[in-house]
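This is what each chain is made of:
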Amino acid sequence: MTISPSTSLTPAAGRHLRVRALAYVAGEPVPFFWPMRSFIHHNPLHGLEHLPFATAVEKGAKLFHARGFLPRHVYQGYLADGRIDAAALATEVERFVAMRAPIETVELKAWLTALLRAERDPVIAGGTIADVDDLHAALHAGQGGERSPLEAATLIPMLRDTLLGDRPVQEAVDALCGTAITAEINESVIRVCLDFFDEGQSVWVMPDREQGLFTAWRRVAGREMQRLLDAIAEAESGADGVLTPEMVIDHILRRLEVPETHWIGYFTREIAQLHGWAGFIRWRATASHYHWSERYPGDLVDLLAIRLSFALLLLTKRVTGGQPKTRGDLERLIESAPHVAYLRRELHCGRALPALVQRVEDALLRRDNKLLGALFVAYAQARRVDEAATQLARLRALAQRAGQQVPFESLGRDALAALIDALRDFEKDEGMIWLRAMETRAMQTLLAGLSLDAPPPREKRPFVQAAFCIDTRSERIRRHLESVGDYQTFGVAGFFGVPVSLIELGKGSETHLCPVLLTPKNVVLEMSSAARANEAAVTALGHAMHKLKESVLSPFVTVEAIGLLFGFDMIGKTVAPRAYNHWRRHLHEHKSGTHLLLDKLSREQADSILRAVQRAIIVEAVEQELGLPAEKVNDALVRALREAALGHAELAPEVIAELGVPTSGAVRFIDQLRGNHRINAAFSNRQMEELGRIGFTIDEQVRFVRQALSSIGLTGNFSRFVLLAGHGSTSENNPYESALDCGACGGNHGLISARVLAQMANKPAVRKRLAEKGIEIPDDTWFMPALHNTTTDEITLHDLELLPTSHLVYLDRLRTGLNSAARLCAQERLPSLQIVPDRQDPGAAFKSARRNAMDWSQVRPEWGLSRNAYFIIGRRDLTRSMGLDGRAFLHSYDYRVDPKRRLLENILTGPLVVGQWINMEHYFSAVDNERFGSGSKVYHNVAGRFGVMTGNLSDLRTGLPSQTVLENGQPYHEPMRLITVIEAPFEQARAAVEAVVSVKRLVRNGWIRLIVIDPETATVCLYEEDGSWRRRPHGQSTESDLTQERCAS
Amino acid sequence: MSISLDLLAALFLPLFPLSMVFTRVFDRLRHPLARAALLLAWPQLGVLLIAQTALPPPDAFIVWALATAAFYAYRAIALRDVGLWIAFIAVSAWSLLWLGAGDVLTMHVQALAFSVPLLLLNLLSGDLERRFGAAHTRLKLGLAAVAPRYAAVFVVAMLAAVASPVFPNFFSLLATITHRVAEHGAGLSVFMVALVWVLWTWSGARLIQGIVVGEGDARNVADLSTPMVWAYAGGFLFLAAAGLALAGVLL
């Protein structure tokens, strides 16, 4: 194929296209951030999942300036209280020692064991200029001794490594000049993002947002910035003044002399500065259905252009007096005066030796090269002596703890160097060593409790079969429900396998009720048969209140006038939250019982609905635009107007007469109907298409019900009641409320999904077709939707009006059972929340839990999914005999009904991946809550109605707050990779994992730990990070047994 | 003779550039107790010398003193070392004594009132230097996170040093202003004294920001012991009581 000259890209256009492509690639390591209205748990290092876990953690830690593992002293605490397996730890140490050459007179195992068990802080310091010779001299002479001055050949690479590379110019300038340009840029960019991405929180919004982020910002940028951008526009596109964000990026990077080979890394570093905002912008740019994104587009290229514009402007303004302001300047400074660059970095990065800090500052201010040269020699010498002494002290302390003082004091230079290398490498690998040992203990605990014994045969069907979400919080309620009566429970992803897009009653937008990995094709409408309440007055009052609060001046008056009312509200919420909220709920209009429009509409039905809607609009329009009273707007008139608006007929003179306006007025009105009210042919066609998405065909319904029941192994022996329990949470004053809701329902309550499946499964036509496919559901079986409130442990039954009268007699027993389970669950769960001093009786605990859910000062309404550790895919009998303490995702699965392993692959594809996201979100939020988590809720402020910031200006806080994963500053969540257990024949399970590419990658790269329990051979197979499987008989639980036999994958 | 004595007094109630002698000596003396002795004795010597001259001093000295006070207060804003900052604030404060020069006993009391609040900060600064190597804002001390007791005591000591109300130097400053107003009416000199006070506060706030706020690097440093906290608290209470008593004497 040839490209004609007219269609080929100009060099500039090619460059700009390249910028866009590079920005896209550079943004990959930054995870998506979804609006918090429907909080999505995600892996903060999702963009690095193609790498092995350890490598990704190391890379992520550098990129986000974060910690990838817990501090050593926390692991030591775990070791002391038995949460880390000491034998596994010893094995890890031995493995490390075995891989290294022996060091003369050094008992490396003793050193490493002492380091792990007794040393609180890292022993080997990084980034030092003291080398092993300095240390050796200090060891044997008691001091550093005189050494040759630090050579430029040593200094220059060190400086280049720390100041150049992919590092943005302003960061290096900050490090060398003591400026705070990076912080200034961040603040400015946050302000721009807050203004542009606002979703209705601000009263005064940024103008021209429809033009996109960069253009809208450019129009309101300050005068200096305008001048800068105009100059770039002139340089890039001449007199026409067109300026795209790609042009800006290309131009600025060239001006800053950043080599093109570093652009991707440079972009990534820039983007990662505000990874919360960047993650939100990345997600938004790809969310085609998202209303705000459609209206006000913005992407990472815009963000980069804005950041770089601020960078260039501030570098020009803040850096004066011949200081470096481009990468070229930085390189020249490092090459020509490395000692000055070194001293500058020492001073401005807060690393200067305290004794010399004032001298260094004075010398740099004087800019006397001779003085600086002499000071550098003295400083470097002092630094080396200081570092060597500090390092030596640490090594001596470690030697003492290891019982190795005598050999250490006589170590030769080479042995000392080898020891330091070994300790450095070990400390680098240490996080993984602790983690594996911790996971080993967790696996031992789990495997010891699992039972492969066949359950005793049932004499009769259970009273109730209840399917709960796989969520870890369901484990407790399931256990207690099973303990209070004849209940059989199942675990299934909370959307019950039916991806639904819901249009809720009173809302015009769709909510996706399924994991974010899926995009629902079917829409379900929530409808009410109740008459419309007089909402107008209430709505108007609420609207007026908001306007008063949000306006610039009115709050002063509002506080004086009606502030007292809020005071009553505050006292009520604080002093007696339960009673007050109960009373207040009565004041609000309850949402009446609703129905779900679930069946596919026929063409005629869809047409009829569309007509009805258009008729209603026309009636309203005639009343409003022409002022005709309702009684004069008859059906014939409406029909004639509709036909005219759709272009099917002309307006008849008698119709115009009825309207009471001249012909021109009638024509204008028809135009208004077509334009303002969108009664036109094109829009009607679109609406017909949308209506076509509503509901499910019978085939689809049969497929979904069959799949849901088969996937949990419920294909026969149906009870009278099959409870489908979705879950949700209730809390007050909590922006993270949706993080406590159902992840499988896209961060929403799971009730609608339960109602959808129940409605489908109760339909006779569906049951008939299911019976043809081998699933016989008795006539007296009733699928009943319910909601499990995870904050209060209550289970409420829904759609009771549809319940057959024959079942009413059993309802009381069912409610009693559910109530008892809820109380027992609250009793078990409450002590960990520490809201009451002692363990309470079930009734009191249940009351306390309800109060907790209504307390607006409560920062921790529940622990949510904290402490999650396991994902178990198998029959309930496997785990029934053990209490899993709310730590396991339990997905019911019976391999016997899945010979083609389709169901297993489905479980791996959806629920397991969501579970892994949740697990990793908790892992990283626990190991570094400030960087990967969102810090304390106490300082949070809602930003733009889609996220939270710390204080009034910060990066969007992603991850989980400290109140969710930490307790008294220490991890409550025990950060481990998800230990996944599949109960199935080994080959079947292995083939299923191999068939699901995303899961295979996660397993092979060590993001999840996989165990297969083969019930037919009663063996346990553990996938090792080296790619092999280790197998042992079930029932042996020690580490030595676990490593007994290896089998190649 | 009087001018010579005035010039000699300008060394001890330091006026720029003679003030450089004091700052240099103070900088050289590293021991906190030696510095404390210097802070107490230096202005008293100045007052003794000025008492030998014909009071009030010439107007030129008043202008010179005001310029010195403002200059050192302004320069203190850029300082990052707490020890040096104390020396600069001491110079700035003592030079203001020239404005109220009349009654020698009052001058002795005022000089003491300026010096004593700086003593506590000086002792604390010495302690910080011993533990952290230096009390300098270029080091990432982050006292609030690393050693909260140190941080609290440092903040109060700094408030005392910048002549916050109830501390003696506040009333001494107020006495200087009221004296000037009584003698000459509210003029430029009063405005200058007020400006000097604002500059002290500004520079003090910068030091608090640099030393107390932020993340600290030195994680293993022991915090101030409880007895020492009580000792400092006693010192602050004494200063407050002395300040209130002084208010009755000077105003």
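Since we're looking at a predicted model, the values are computed, not measured.

Student: Sorry if this is basic, but what is going on with the overall build of chain A here?
Tutor: Each helix and strand counted, chain A has 41 helices and 20 strands in total. Its C-alpha radius of gyration of 34 Å places chain A within 12% of the 31 Å reference for a compact globule of 1049 residues. Principal-axis analysis of the C-alpha atoms places the extent of chain A at approximately 105 × 85 × 75 Å. Buried residues in chain A amount to 45% of all 1049 residues.

Student: Explain helix H20 (residues 369–402) of chain A to me, please; I cannot follow it from the model alone.
Tutor: The periodicity of an α-helix, 3.6 residues per turn, causes residues three or four positions apart to be oriented the same way. Here H20(A) is 34 residues long and its end C-alpha atoms lie 48 Å apart, about the 50 Å a rise of 1.5 Å per residue gives. Once H20(A) finishes, Gly403(A) follows within two positions and takes phi at roughly 70°, a positive value.

Student: I tried to follow the interface of chain A and chain B on my own but got confused; where do I start?
Tutor: Much of the literature gives interface size as the accessible area that the parts lose upon coming together. Taken together, the contact pairs eight residues of chain A with 10 residues of chain B. Looking at the side of chain A that touches chain B element by element, the count peaks at three residues for helix H19 (residues 357–366) of chain A. For the side of chain A that touches chain B, a count of residues per class yields five nonpolar, two polar and one charged.

Student: Is there a simple way to explain the domain arrangement of chain A in this structure?
Tutor: The domain boundaries assigned to chain A delineate domain 1 (1–30 + 180–318), domain 2 (464–522 + 696–1016), domain 3 (535–591) and domain 4 (601–692). Each of domain 1 of chain A and domain 4 of chain A has a C-alpha centre, and the two are 45 Å apart.

Student: Explain unusual backbone geometry to me, please; I cannot follow it from the model alone.
Tutor: Here Phe16(B) and Pro17(B) are connected by a cis peptide whose omega angle stands at 10°. Along the polypeptide, Pro17(B) turns up in the loop between helix H1 (2–12) and helix H2 (19–28). The backbone of His65(A) sits at a positive phi, close to 55°, despite the residue not being glycine. Mapped onto the elements of the fold, His65(A) is located in the loop between helix H2 (53–63) and helix H3 (72–80).

Student: Mind showing me how you'd approach the packing of helix H8 (residues 148–161) of chain B against helix H10 (residues 188–211) of chain B here?
Tutor: Describing two packed helices takes the angle between their axes plus the distance from one axis to the other. All names here are of chain B. Direction vectors running N to C along H8 and H10 enclose 165°, while the axes themselves pass 10 Å from each other. Comparing their axes, H10 and H8 come out roughly antiparallel. Where H8 crosses over H10, the two elements pack in a sense that is right-handed. Only Gly204, Leu207, Ile208 and Ile211 of H10 make contact with H8, whose side of the interface consists of Phe154, Val155, Met158 and Ala161.

Student: Help me understand the nonpolar core, please; the structure alone is not making it clear to me.
Tutor: Note that soluble globular proteins tend to have their nonpolar side chains buried in a common cluster. All names here are of chain A. Ranked by size, the top nonpolar core spans 352 residues in total, and within it Leu724 and Leu757 carry the most contacts. Per element, the largest residue contribution to this core is 15 residues, and it comes from helix H22 (residues 413–449). Per-domain counts for this core show at least three residues from each of domain 1 (1–30 + 180–318) and domain 2 (464–522 + 696–1016). Look past the residues within four positions of Leu724 in its chain and what remains in contact with it is Ala467, Phe496, Ala754, Leu757, Ala758, Phe783, Met784, Pro785 and Ala786. The next biggest cluster of nonpolar side chains, apart from the first, holds 13 residues, and it includes Ala645, Leu659, Phe669 and Ile679.

Student: Hey, could you run me through the pairing of strand S1 (residues 464–469) of chain A in this one?
Tutor: On a regular strand, one side chain projects to one face of the sheet and the next to the other, so that they alternate. Residue and element names in this part refer to chain A. With six of six residues buried, S1 is to be regarded as a mostly interior element. Where S1 lies against strand S2 (residues 487–492), six bridges are found, and the strand directions are parallel. Among the inter-strand pairings, Val464 is bridged to a residue of S2, identified as Tyr487. This β-α-β element, S1 to helix H23 (residues 472–484) to S2, shows right-handed connectivity. In this sheet, strand S7 (residues 721–728) lies alongside S1 in parallel orientation, the contact comprising five bridges. What sits directly across from Gln465, in S7, is Val722.

Student: How do you make sense of the sheet that holds strand S4 (residues 510–513) of chain A when you look at a structure like this?
Tutor: By way of backbone hydrogen bonds, the strands of a sheet pair with one another, either parallel or antiparallel. Residues and elements named next belong to chain A. If you walk across this open sheet you meet the four strands as S4-S3-S5-S6, and the pairing is mixed. Strand pairing shows two members of the sheet lacking a second neighbour, S4 and strand S6 (594–597), which therefore form its edges. Within this sheet the neighbouring strands show an average axis-to-axis angle of 30°, counted without direction. With four bridges connecting them, strand S3 (residues 500–503) and S4 associate as antiparallel partners. If you follow Val500 over to S4, its bridge partner there is Leu513. Against the sheet, helix H33 (residues 751–761) makes contact with S3, S4, strand S5 (522–528) and S6, and its axis sits at roughly 110° relative to S3, the strand it touches most.

Student: Teacher, can you tell me more about the environment of Arg80(B) here?
Tutor: Its place among the elements puts Arg80(B) in the loop between helix H4 (59–76) and helix H5 (82–95). Judged by local crowding, Arg80(B) falls into the partly exposed class, with 19 C-beta atoms found within 10 Å. As a C-alpha pair, Arg80(B) and Thr137(B) span 57 residues in sequence and 5.1 Å in three-dimensional space. Among all residues touching Arg80(B), those that are not within four sequence positions of it are Glu361(A), His136(B), Thr137(B), Arg138(B) and Gly210(B).

Student: I keep staring at helix H5 (residues 108–118) of chain A and nothing clicks. Help me out?
Tutor: Listed in full, the buried residues belonging to H5(A) are Leu108(A), Trp111(A), Leu112(A), Ala114(A), Leu115(A) and Leu116(A). In the core, the buried residues of H5(A) are packed alongside helix H4 (86–98), H20 and H22 of chain A.

Student: Could you clarify how one ought to interpret the confidence of the model for chain B in this entry?
Tutor: The predicted coordinates should not be examined in detail at positions where pLDDT is low. Put simply, chain B has an average pLDDT of 91, and 98% of its residues get 70 or more. Both confidence scores are given for the complex: pTM 0.88, ipTM 0.84.

Student: Is there a simple way to explain the packing of helix H32 (residues 698–711) of chain A against H33(A) in this structure?
Tutor: Residues and elements named next belong to chain A. Their axes nearest at 9 Å, the elements H32 and H33 cross at an angle of 110°. Put simply, H32 runs roughly perpendicular to H33. Note on element contacts: H33 touches H32 through Leu757, Met760 and Ala761, opposite Gln701, Phe704, Val705 and Ala708. When the residues that make up the contact of H32 with H33 are grouped by side-chain class, the tally is six nonpolar, one polar and no charged.

Student: Sorry if this is basic, but what is going on with the confidence of the model for chain A here?
Tutor: Residues and elements named next belong to chain A. Averaged over every residue, the pLDDT of chain A is 89; the share at 70 or more is 94%. Counted against residues more than four places away or in other chains, residues 1–6, with its pLDDT under 50, gives one contact. Long-range and interchain partners of residues 1039–1049, a stretch whose pLDDT sits below 50, account for 23 contacts in this model, where long-range means more than four residues apart.

Criteria and thresholds
Throughout, a residue's number is its position along its own chain's written sequence, starting from 1. Written order determines the labels here, with chains lettered from A and ligands numbered from 1. The model is predicted, so local features are restricted to residues of pLDDT at least 70 and side-chain atom pairs to those at 80 or more, both for listing and for counting; the totals for chains, interfaces and linings are taken over all residues. In this text, helices come from DSSP runs of H or I with a minimum length of four residues, and strands from runs of E with a minimum of two, each type numbered from the N-terminal end. Restricting the calculation to C-alpha atoms gives the radius of gyration, and the globule rule supplies 2.2 Å times the number of residues raised to the power 0.38. Field definition: a residue is buried when 20 or more other C-beta atoms are found within 10 Å of its C-beta, exposed when 12 or fewer are, and partly exposed for counts in between, with C-beta atoms placed from the backbone. Between the first and last residue of a helix there are one fewer steps than residues, each counted as 1.5 Å, and that sum is the expected span. We call two residues in contact when the distance between their C-beta atoms, placed using the backbone, is within 7 Å. All amino acids are sorted into three groups, where Ala, Val, Leu, Ile, Met, Phe, Trp, Tyr, Cys and Pro are nonpolar, Asp, Glu, Lys and Arg are charged, and the leftover types, Gly among them, are polar. A domain assignment, automatic or from a database, supplies the domain bounds used here. Between the N-to-C directions of two axes lies an angle of 0 to 180 degrees, each axis being a line fitted to C-alpha atoms and, for a helix, fitted only over the stretch in contact. Each angle receives one of four descriptions, namely roughly parallel if under 35 degrees, roughly antiparallel if over 145, roughly perpendicular if within 65 to 115, and oblique otherwise. Two helices that cross are described as forming a left-handed crossing if the nearer one is turned anticlockwise from the farther one by less than a right angle, and a right-handed crossing if clockwise. The nonpolar core criterion groups buried Ala, Val, Leu, Ile, Met, Phe, Trp, Tyr and Cys residues into a set whenever they are joined through C-beta atoms within 7 Å. Following DSSP output, two strands are said to pair if at least two bridges run between them. The definition of a right-handed crossover adopted here requires that, viewed with the strands pointing away, the path from the first strand over the helix to the second runs clockwise. Per-residue confidence from the prediction method is given by pLDDT, with values spanning 0 to 100.

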